[in-house]
Amino acid sequence: MDAGLKRELEAKVYAGERLSRSDGEALYASDDLAWLGRLAHHKRTELNGDRVMFNVNRHLNLTNVCSASCAYCSFQRKPGEKDAYTMRIEEAVAKAKEMEDEQLTELHIVNGLHPSLPWRYYPKVLRELKAALPDVKLKCFTATEVQWFEKISGRPASEILDELMDAGLESLTGGGAEIFDWEVRQHIVDHNTHWEDWSRIHRLAHEKGMKTPATMLYGHIEEPRHRVDHVMRLRELQDETGGFAVFIPLRYQHDFHDSQDGKVRNRLQERTTMAAPAESLKTFAVSRLMFDNVPHVKCFWVMHGLSVAQLTLNFGADDLDGSVVEYKITHDADSYGTPNTMHRDDLLELIWDAGFQPVERNTRYEVVREYDRAPSLAERRSEPQKVWA
Ligand code: SF4
């Protein structure tokens, strides 16, 4: 990058000025990863100090049966396939209750677009889960699922959200976003929820008082300009509603073979590699720098590996998801040795080891408990170091 442009961008960041689309594209074009990290870390520290938030949650996927066949997805099954499943409500409750002893604070529920499950099933599951675990917050359903509920119930999203909230819904999840630019989206997404409907549904959720996350699936066939465009759209919506609590870059997973039947379902496999760690760190840094109006940037460690997750904390991220437990959407295909579950103590150790102060939060980003600050580097290195997968 031209030295003059570099000085100009640096001055804008330190003055707290909003970065433009072309600034974002210029940042992606820079090969100076250490410089990007320094800028992003400045921004992250201004907003969140040396704190790293995490929560104790459990992911639940009620069904993997889906009417769509998104090109990157190895989770979905068609009705009748050998390992297609749909949980009975009691089964979902029993799985959720397994975590009761760990003081679970959140259930994160996303599912396939099941062609024949009735709409009534979904609020009913939420009611039963809430009755069984009244203190646990329910973060459920992508905007894509909400639009699917509109289709199967014949009711508008506003009524659907009202009923789900009445049943205990605390927040939508941030999924279904992938990359909004149609140039890319038409090749990867096989359902009808594009920017217009995704933003309509999150806007509605924000109007009803929810704080929601927003995600971006990166590292497949998109280019950096598509990532910048994605962030710009969300930033504009955030200016309007203020309802996004967190932005979550999700690394596309390449090496997808299903552990149960050995099939490769990911149709992007032939055309892509996945983002290398340096590209992931760059994506976190530029996202943090562009999003001057979203308080948190989260690293979903399952999709990045634990070592890279630690590094993202120095490249703009200040939030780690979570204890997770049984993440099926990409994890069945993970051949990189990343674990499926982190307990509270594991997360504390991971955060301290990276030099930050762990803060446990709930779904609304309210503090549940603040832990000690990280020991000094000298103290941390005086013990044999753990190698994080
Ligand atoms: S990403 Fe979601 S909607 Fe698309 S095929 Fe997979 S489960 Fe279905």
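Residues numbered from 1 in each chain as written. Predicted model: local features only at pLDDT ≥ 70, side-chain atom pairs only at ≥ 80, totals over all residues. Heavy atoms only, no water.

### A closer look at the overall build of the protein chain
And step 1. Regarding its fold elements, the protein chain presents 14 helices and 11 strands.
And step 2. In terms of overall size, the protein chain behaves like a compact globule, its C-alpha atoms giving a radius of gyration of 20 Å where 389 residues would be expected to give roughly 21 Å.
And step 3. Its C-alpha atoms give the protein chain principal-axis dimensions of roughly 60 × 45 × 45 Å.
And step 4. Taken over 389 residues, the protein chain has a buried fraction of 60%.
And step 5. Counting only contacts in the protein chain whose residues sit at least 6 apart along the sequence, the fraction spanning at least 24 positions is 75%.
And step 6. On the protein chain, roughly 15300 Å² of surface is accessible, and the fraction owed to carbon and sulfur atoms is 49%.
And step 7. If the 50 positive side-chain charges of the protein chain are averaged to one point and the 63 negative ones to another, these points end up 2 Å apart. (Helix = DSSP H or I, 4+ residues; strand = E, 2+ residues; numbered from the N terminus. Rg over C-alpha atoms; globule rule 2.2 N^0.38 Å. Buried < 20%, exposed > 50% of the residue type's maximum accessible area, 1.4 Å probe, protein only. Contact = heavy atoms within 4.5 Å. Areas by Shrake-Rupley, 256 points an atom, 1.4 Å probe, with all protein chains shown as cover. Lys, Arg positive; Asp, Glu negative; His and termini not counted. Charge placed at Lys NZ, Arg CZ, Asp CG, Glu CD.)

### Remarks on the site of the ligand
And step 1. Taken together, Cys-66, Ala-68, Ser-69, Cys-70, Tyr-72, Cys-73, Phe-75, Gln-76, Gly-112, Leu-113 and His-191 make up all the residues around the ligand.
And step 2. Grouping the amino acids of the shell around the ligand by side-chain chemistry returns 7 nonpolar, 4 polar and no charged. (Near = heavy atom within 4 Å. Nonpolar A, V, L, I, M, F, W, Y, C, P; charged D, E, K, R; others polar.)

### Points about the packing of helix H1 (residues 3-15) against helix H3 (residues 33-48)
And step 1. Packing of H1 against H3 leaves a shortest axis separation of 10 Å and a crossing angle of 15°. It follows that H1 is roughly parallel to H3 by the angle criterion. The handedness of the crossing between H1 and H3 is left-handed. Note on element contacts: H3 touches H1 through Trp-35, Arg-38, Leu-39 and His-42, opposite Lys-6, Leu-9, Glu-10, Val-13 and Tyr-14.
And step 2. Broken down by class, the residue content of the contact of H1 with H3 amounts to 5 nonpolar, 1 polar and 3 charged. (Axes fitted to C-alpha atoms, helices over the stretch in contact; angles between N-to-C directions. Parallel < 35°, antiparallel > 145°, perpendicular 65-115°, else oblique. Left-handed = near helix turned anticlockwise from the far one by under 90°.)

### With respect to empty space enclosed by the protein
And step 1. Scanning the model with the defined rule gives 3 cavities of 30 Å³ or more in all.
And step 2. What the second largest cavity holds in volume is close to 60 Å³.
And step 3. If you trace the second largest cavity, you find it lined by Lys-12, Val-13, Gly-16, Glu-17, Arg-18, Leu-19, Lys-43, Leu-289 and Asp-292.
And step 4. Classifying every residue of the lining of the second largest cavity gives 3 nonpolar, 1 polar and 5 charged. (1 Å grid on protein atoms, 1.4 Å probe; cavity = no way out; pocket = protein on both sides within 12 Å on 5 of 7 lines; lining within 4 Å. Points joined across faces, edges and corners; volume = space filled by probe spheres on them.)

### Re the sheet that holds strand S1 (residues 51-54)
And step 1. Pairing is mixed across the open sheet formed by 7 strands, whose spatial order is S6-S7-S8-S9-S1-S10-S11. Two strands bound the open sheet, and with one partner strand each, they are strand S6 (212-218) and strand S11 (367-370). Adjacent strand axes in the sheet meet at a mean angle of 30°, parallel and antiparallel pairs treated alike.
And step 2. As defined by bridge partners, S1 adjoins strand S9 (residues 319-321) across 2 bridges and the pair is classed as parallel. Residue pairing across strands places Phe-54 opposite Leu-320, the latter belonging to S9. (Pairing = 2+ DSSP bridges.)

### Observations concerning the pattern of salt bridges
And step 1. Scanning all chains against the criterion turns up 30 salt bridges.
And step 2. The salt bridge involving Glu-98 is made with Arg-58; its shortest N-O contact spans 3.6 Å. Here Glu-98 is found in the loop between helix H4 (89-97) and strand S3 (106-109), whereas its partner Arg-58 is found in strand S2 (residues 57-60), with 40 residues between them in sequence.
And step 3. By relative accessible area, which is 58% here, Glu-98 ends up exposed.
And step 4. Between Arg-127 and Asp-166 there is a salt bridge whose closest N-O contact spans 3.3 Å. With Arg-127 in helix H5 (residues 121-132) and Asp-166 in helix H7 (residues 157-166), this pair connects stretches of sequence that are 39 residues apart.
And step 5. According to the relative accessible area criterion, Asp-166 is exposed, its value standing at 57%.
And step 6. Among the charged side chains, a network of salt bridges with common partners joins Arg-120, Arg-155, Glu-159 and Glu-163. (Salt bridge = Lys/Arg side-chain N within 4 Å of Asp/Glu carboxyl O.)

### A closer look at the packing of aromatic side chains
And step 1. What the rule picks out here adds up to 10 aromatic pairs.
And step 2. Ring centres 6.2 Å apart and planes at 40° place the aromatic pair Phe-54 and Tyr-371 in the tilted group. In this pair, Phe-54 is assigned in strand S1 and Tyr-371 in the loop between S11 and helix H14 (377-382), connecting sequence segments 317 residues apart. Judged on exposure class, the residue Phe-54 and its partner Tyr-371 are both buried.
And step 3. Between Trp-198 and Phe-244 the ring centres are 6.1 Å apart and the planes differ by 20°, which places this aromatic pair in the stacked class. Note that Trp-198 is positioned in helix H9 (residues 195-207) and Phe-244 in strand S7 (residues 244-251), a separation of 46 residues in sequence. Across the pair, exposure class does not vary: Trp-198 and Phe-244 are buried alike.
And step 4. Ring pairing ties together the aromatic residues Trp-119, Tyr-121, Tyr-122, Phe-141 and Phe-149, which thus form one cluster. (Phe/Tyr/Trp six-rings, centres within 6.5 Å; stacked < 30°, edge-to-face > 60°.)

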